[in-house]
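Residue-level structure breakdown
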Amino acid sequence: MAEQTIPCGQAPQVVIRAENNLSIRGGDPGEILAIVEDLRNLSAVESDDEININCECDCTLRIPADANVVIDRVDGSVVINDFLGGLRIDIVHGNLTMNRVGDVECKSIDGNCRVANGGKLLVQGVGGNLSGSALSGQLCALGVGGNIKMAAVSSAQTLKAGGNIRIGLLEIKNEIHIAAGGNVRLYLPPKAGYVLNAACGSQKITLRSGEETQRILGRASDMKVGEGGPRLKIAAGGSISLLDSEYKEGDNEEINVDFEMNMMNERIQKRIEEKIRRAEKRTEAAQRRAEERIQESMRNVGRSGPGRSVTIGGFTEQRAGAAQKKADAAGESGRVTDAERLIILNMLSEKKITAEEAERLFKALEGKFHNP
């Protein structure tokens with residue numbers, strides 16, 4: 001791995017683009033440390049009070065905590081740890097994983113988004129699931145294709161998901177709008193007060209406060225719960241459950257994860273795939289060379305004189321004296337490769353050549369064959 005230090009002033013504005021995976025951690029003040037496999041794939045340009053960082057390979061950045069960071073575009077996945085500066089994420093084509101971050105705004109995440117120990121979180125679009133825990137700020141998710149599953153959220157505003165929504169709310173501070181294609185389950189503070197407007201496709205709304213459980217069929221309009229308070233507007237394709245209890249242990253299995261493991265696995269997988277591609281190319285090239293050399297040897301061992309027609313294993317060719325000399329030089333390398341040996345044996349097993357012809361080919365490739 002190679003490192004490059006990029007000097008920066010106080011509260012730098014940093015714009016990042018990466019063609020593969022990106023990892024960000026909080027770093028020392030006054031400088032940005034970039035770690036890549038090859039520095040030729042990294043460029044850092046300062047212009048208009050911005051530092052623009054472009055990377056064509058996997059990249060790890062150590063960025064000062066007072067920086068304001070814009071991730072303009074990442075074609076792979078992103079992992080962010082221990083960074084409390086300003087953070088805006090425009091486009092990530094893979095997954096986004098964040099742990100111990102400040103306020104974050106996400107515009108478009110094609111994969112899954114996981115956040116733990118964060119501040120305010122605004123998510124405009126996630127193609128997969130949104131999950132995590134411990135947000136000290138407000139959660140707002142305007143469009144999640146999969147499920148939303150968050151524990152210990154300080155407060156929420158708008159939550160929309162194509163799948164299920166399961167949220168553990170620490171406080172109901174304001175009006176909340178929730179829409180889900182599947183089920184909605186909210187874990188609320190003890191003795192929470194609110195006004196409920198809810199409708200669900202399964203005709204099942206469950207309210208539980210302490211030891212008391214109430215079930216409502218289909219719809220609830222302007223229903224005062226507890227002492228009343230902010231309005232909860234909920235629409236669900238499945239059932240709705242509002243539980244006056246803490247988020248249950250075991251419901252947050254996605255929270256305690258190795259936040260860099262996914263990206264490491266992706267890096268390893270890419271390297272393995274690249275090595276396989278290179279090996280396949282080398283094998284194909286060796287196969288072609290072996291076939292060409294065997295063809296030459298077959299023409300040589302079947303020849304009985306200059307300029308005469310030769311036939312072996314179904315191959316026939318008319319050769320001139322000058323071309324024969326060239327074939328003789330090419331055929332006498334003194335060694336039979338594994339690829340050549342395999343091709344000859346396959347031809348023998350398929351009865352394209354006889355055992356005698358195979359023996360003559362081996363001798364020709366070893367430089368031991370001489371025309372009578």
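Remember, it's a predicted structure, so these values are computed and weren't measured experimentally.

Within the chain, residue pLDDT values average 82, and 80% of them lie at 70 or more. Across residues 250–261 the pLDDT falls below 50, and counting only partners more than four positions away or on other chains, this stretch makes 21 contacts in the model. Scored below 50 in pLDDT, residues 303–333 shows 54 contacts in the model against residues more than four places distant or in partner chains.

On to the nonpolar core. Core analysis: the largest hydrophobic core is formed by 76 residues, its most contacted members being I80, I89 and M98. Looking at this core element by element, the count peaks at six residues for strand β16 (residues 148–161). The contacts of I89, once residues within four sequence positions are left out, are I71, I80, L96, M98, V104, E105, C106, K107, S108 and I109.

Scanning the model with the defined rule gives eight salt bridges in all. D90 is the salt-bridge partner of R88, the closest N and O atoms lying 3.0 Å from each other. The exposure class assigned to R88 is partly exposed, which follows from its relative accessible area of 31%. Using a relative accessible area of 11% as the deciding quantity, one classes D90 as buried. Across the pair D222 and R231 runs a salt bridge whose closest N-O atoms are separated by 2.5 Å. By relative accessible area, R231 is classed as partly exposed at 28%. Three or more residues joined by partner-sharing salt bridges are found here, namely R25, D82 and R100.

Examined against the element boundaries, R62 turns out to sit in strand β7 (residues 59–64). When the C-alpha atoms of R62 and S23 are compared, they prove to be 8.6 Å apart, with 39 residues separating the residues in sequence. Apart from residues no more than four positions distant in its own chain, R62 is found in contact with R25, G26, G27, E31, I32 and L33.

About the thresholds
Residues numbered from 1 in each chain as written. Predicted model: local features only at pLDDT ≥ 70, side-chain atom pairs only at ≥ 80, totals over all residues. Heavy atoms only, no water. pLDDT = per-residue confidence, 0-100. Contact = heavy atoms within 4.5 Å. Core = buried A, V, L, I, M, F, W, Y, C linked by side-chain atoms within 4.5 Å. Buried < 20%, exposed > 50% of the residue type's maximum accessible area, 1.4 Å probe, protein only. Helix = DSSP H or I, 4+ residues; strand = E, 2+ residues; numbered from the N terminus. Salt bridge = Lys/Arg side-chain N within 4 Å of Asp/Glu carboxyl O.

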